[in-house]
Amino acid sequence: ASLRSAESTSHGEMDEDRADNLDTSHGHDHTDSKRKKARTMFSRYQVRQLEHLFDLKMYLTSNERVALARKLSLTETQVKIWFQNRRNKAKREVEESASMHLQHIQHLQRFSIFGPTDASVAAMMNAAADAVAFNARL
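What counts, and at which threshold
Residues numbered from 1 in each chain as written. Predicted model: local features only at pLDDT ≥ 70, side-chain atom pairs only at ≥ 80, totals over all residues. Heavy atoms only, no water. UniProt positions renumbered as here; feature names shortened; annotations may be inferred. 1 Å grid on protein atoms, 1.4 Å probe; cavity = no way out; pocket = protein on both sides within 12 Å on 5 of 7 lines; lining within 4 Å. Points joined across faces, edges and corners; volume = space filled by probe spheres on them. Helix = DSSP H or I, 4+ residues; strand = E, 2+ residues; numbered from the N terminus. Nonpolar A, V, L, I, M, F, W, Y, C, P; charged D, E, K, R; others polar. Buried < 20%, exposed > 50% of the residue type's maximum accessible area, 1.4 Å probe, protein only. Phe/Tyr/Trp six-rings, centres within 6.5 Å; stacked < 30°, edge-to-face > 60°.

As named in an unreviewed UniProt entry, the chain is Homeobox domain-containing protein, taken from Pristionchus entomophagus. Under Sequence similarities (unreviewed entry), UniProt gives the following word-for-word description of the chain: "Belongs to the HMX homeobox family." One UniProt comment on the chain, placed under Subcellular location (unreviewed entry), says "Nucleus".

The following block contains the structure:
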C-alpha cells in the first residue's frame, strides 16, 4: 500500500491493474511486456537453408544475416540466435565425441596386456587436437 501511494503521488493516479502487477521489492512492472516470447518454430525449408549455410560458414556478416533473414522470412535476430545456438550445439558435439573417443581408448588400454601403444597415444592426441582446433574456430 505504501508503494502504491508513493507511486500515485509522484506519478499521478496509477491504473489499478498496473499497480497489482508491480514487484514491490524492485518496483518493476510485470505486465505483458515481461512475458516470455513464444518459441520460434522453423519450417523444414528454413532449417535446411540455415544448416546448409552453417556447413559453409559458422559466422555470418551482418549483410549475410540481413539477406538470409529476408530470404527465409525471419528476423535478423532469429537468424543470429539460430547461428549462436547451432555453434553451441556443434561445440557440444565435438566435446562429447572427443570425450567418448578418449574413454574408448582408455578402456582398451585398461584391458590390453601390453599397455598403451603408440597408435592409441597418437589417437588420443589427435582427438584432443581436433577438439582444440574446433573450439578455436568458435
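Structure's up, so let's keep going.
For this particular structure, what's the right way to read the layout of surface pockets?
Where empty space is left becomes clear once a probe the size of a water molecule has been rolled over the atoms. Size it by volume and the largest pocket reaches roughly 410 Å³. Along its surface, the largest pocket is lined by 13 residues, and Thr-40, Phe-42, Ile-81, Trp-82 and Asn-85 are the ones closest to its centre. Sort the elements by how many residues they give to the lining of the largest pocket and helix H5 (residues 76-110) lands first, with 6 residues. For the lining of the largest pocket, the class distribution of residues is 5 nonpolar, 5 polar and 3 charged.

Mind showing me how you'd approach unusual backbone geometry here?
As a rule of thumb, non-glycine residues mostly have phi less than zero, and peptide bonds are mostly trans rather than cis. Phi at Ser-73 takes a positive value of approximately 55°, unusual for a residue other than glycine. Checked against the element boundaries, Ser-73 lands in the loop between helix H4 (62-72) and H5. Residue classification places Ser-73 among the exposed positions, given a relative accessible area of 65%.

Where do I start with the packing of aromatic side chains in this structure?
Here the distance between the centres and the angle between the planes together describe a pair of aromatic rings. Applying the stated criterion across every chain yields a total of 3 aromatic pairs. Ring geometry for Phe-54 and Phe-83: centres 5.9 Å apart, planes at 55°, overall tilted. One end of the pair, Phe-54, is in helix H3 (residues 44-56); the other, Phe-83, is in helix H5, with 29 residues separating them in the sequence. Comparing Phe-54 with Phe-83, the two get one shared label, buried. Ring geometry for Trp-82 against Phe-83: centres 5.3 Å apart, planes inclined by 70°, an arrangement best described as edge-to-face. Side by side, Trp-82 and Phe-83 carry an identical accessibility label, which is buried. Put simply, the rings of Phe-54, Trp-82 and Phe-83 touch in pairs and so form one group of aromatic residues.

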